[in-house]
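# Geometric and topological summary
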Amino acid sequence: EPEVTQTPSHQVTQMGQEVILRCVPISNHLYFYWYRQILGQKVEFLVSFYNNEISEKSEIFDDQFSVERPDGSNFTLKIRSTKLEDSAMYFCASSVGGNQPQHFGDGTRLSIL
Amino acid sequence: AQTVTQSQPEMSVQEAETVTLSCTYDTSESDYYLFWYKQPPSRQMILVIRQEAYKQQNATENRFSVNFQKAAKSFSLKISDSQLGDAAMYFCAYRTVYNFNKFYFGSGTKLNVKP
């Protein structure tokens, strides 16, 4: 069964550094999402992406965040200047249609030192 | 804003027994979707079951079923004949029909299954 894949599984970065989290959505899916889960807290929506542009973003998704679909298969989340509070599990998801269930990846654990 | 509440941070069940996970939500909308996702340790979140609010019939998926009480804004998940592989974090989630873009998640319930 096709899966959403995320790399790396664990990323350790110094505060202030840029980090790129990568996701390969399911191939025929058109809608892409990023969520994050700070340890012990709820999963929170960050951003949704469709037709090569952001369709919605939360208040968490400020100017230090950006998303990109650089080619036909990858969907990336970039954090420009990481802060300690960016430490979290980041989940990518995709869906074939906007009203279809979202399929989640394994997540990338981001640790900011 | 919509909120989803899971009041049970952790639960345990004996293998082969039945367990019910609770979820309540708050919304002013009349039509929406509700979901239960399962997240095994260090694994991706997997959709367990989905319910459309306009459907009165409770969704079922093999050993998994829901008790959807729209007036009470309650959406509990029942797992019958629990198996060791059911051990995971379970998240209840809400999505409006007007904005497919994002889910509102509960804080999760960790389910332990005892052999």
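Everything here concerns the structure above.
Residues numbered from 1 in each chain as written. Chains lettered and ligands numbered in written order. Predicted model: local features only at pLDDT ≥ 70, side-chain atom pairs only at ≥ 80, totals over all residues. Heavy atoms only, no water.

## Let's talk about the overall build of chain A
- Counting its secondary structure elements, chain A contains zero helices and eleven strands.
- In chain A, the succession of helices and strands from N to C terminus is β-β-β-β-β-β-β-β-β-β-β.
- Taken over the C-alpha trace, chain A has a radius of gyration of 13 Å; the compact-globule value for 113 residues is 13 Å, and the two agree within 12%.
- Overall, chain A is about 35 × 30 × 25 Å in size when its C-alpha atoms are taken along their principal axes. (Helix = DSSP H or I, 4+ residues; strand = E, 2+ residues; numbered from the N terminus. Rg over C-alpha atoms; globule rule 2.2 N^0.38 Å.)

## Some remarks on the packing of aromatic side chains
- In the structure shown here, the tally under the stated rule is 20 aromatic pairs over all chains.
- Their ring planes at 45° and their centres at 5.4 Å tell us that Tyr-35 of chain A and Phe-104 of chain A sit as a pair that is tilted. Taken as a pair, Tyr-35 of chain A in strand E4 (residues 31–37) and Phe-104 of chain A in strand E10 (residues 103–104) lie far apart in primary sequence, 69 residues in all. Across the pair, Phe-104 of chain A and Tyr-35 of chain A agree in class, each one buried.
- Their ring planes at 40° and their centres at 6.1 Å tell us that Tyr-25 of chain B and Tyr-94 of chain B sit as a pair that is tilted. Taken together, the residues span a long stretch of sequence, with Tyr-25 of chain B in strand E4 (residues 24–26) and Tyr-94 of chain B in strand E10 (residues 88–96) at a distance of 69 residues. Exposure class is identical for Tyr-25 of chain B and Tyr-94 of chain B. Each is buried.
- Each member of the aromatic cluster is reached from another via a ring pair, and the members are Tyr-35, Phe-45 and Phe-104 of chain A together with Tyr-33, Phe-35, Tyr-37, Phe-91 and Phe-105 of chain B.
- Of note, Arg-95 of chain B hangs over the ring of Tyr-33 of chain B, and the distance from its end group to the ring centre comes to 5.1 Å. (Phe/Tyr/Trp six-rings, centres within 6.5 Å; stacked < 30°, edge-to-face > 60°. Buried < 20%, exposed > 50% of the residue type's maximum accessible area, 1.4 Å probe, protein only. Lys NZ or Arg CZ within 6 Å of the ring centre and 35° of its normal.)

## Points about the sheet that holds strand E7 (residues 65–68) of chain A
Residue and element names in this part refer to chain A.
- Taken in spatial order, the four strands line up as E1-E3-E8-E7 in an open sheet, and their pairing is antiparallel. In this open sheet, the two strands that pair with only one neighbour each are strand E1 (5–7) and E7. Taking each pair of neighbouring strands and ignoring which way they run, the sheet shows an average axis angle of 20°.
- In terms of strand pairing, E1 meets strand E3 (residues 19–24) through three bridges, oriented antiparallel. In the strand pairing of E3, Gln-6 is matched with Cys-23. (Pairing = 2+ DSSP bridges. Axes fitted to C-alpha atoms, helices over the stretch in contact; angles between N-to-C directions.)

## Remarks on the interface of chain B and chain A
- Tallying the contact residues gives 20 residues for chain B and 20 residues for chain A.
- Together chain B and chain A conceal approximately 1900 Å² of surface at their shared face, both sides included; 49% is due to carbon and sulfur atoms.
- The interface formed by chain B and chain A includes zero salt bridges.
- Run the count over chain B and chain A and you get two residue pairs in polar contact (both at pLDDT 80 or more). (Contact = heavy atoms within 4.5 Å. Buried area = accessible area lost by both parts, 1.4 Å probe. Salt bridge = Lys/Arg side-chain N within 4 Å of Asp/Glu carboxyl O. Polar contact = N/O pair within 3.5 Å; in protein donor to acceptor, adjacent residues only side chain to side chain.)

## Notes on the pattern of salt bridges
Residues and elements named next belong to chain B.
- Applying the stated criterion to the full structure yields five salt bridges over all chains.
- Between Lys-73 and Asp-26 there is a salt bridge; the shortest N-O distance is 3.8 Å. Here Lys-73 is found in the loop between strand E8 (64–69) and strand E9 (74–79), whereas its partner Asp-26 is found in strand E4, with 47 residues between them in sequence.
- Note on Asp-26: relative accessible area 41%, which makes it partly exposed.
- Here the residues in one salt-bridge network are Arg-50, Glu-52 and Lys-55, joined through shared partners.

## Comments concerning the pairing of E10 of chain B
Residue and element names in this part refer to chain B.
- Where burial is concerned, most of E10 is hidden: eight out of the nine residues are buried.
- When strand E5 (residues 32–39) meets E10, the two strands line up antiparallel, connected through eight bridges. Looking at E10, one finds that Tyr-33 is bridged to Arg-95.
- Inspection of the sheet shows E10 paired to strand E12 (residues 109–114) by three bridges, in the antiparallel sense. What sits directly across from Tyr-90, in E12, is Thr-109.
- Two elements, E10 and strand E11 (residues 104–105), share two bridges in a ladder whose sense is antiparallel. Looking at the pairing, Ala-93 lines up with Phe-105 of E11.

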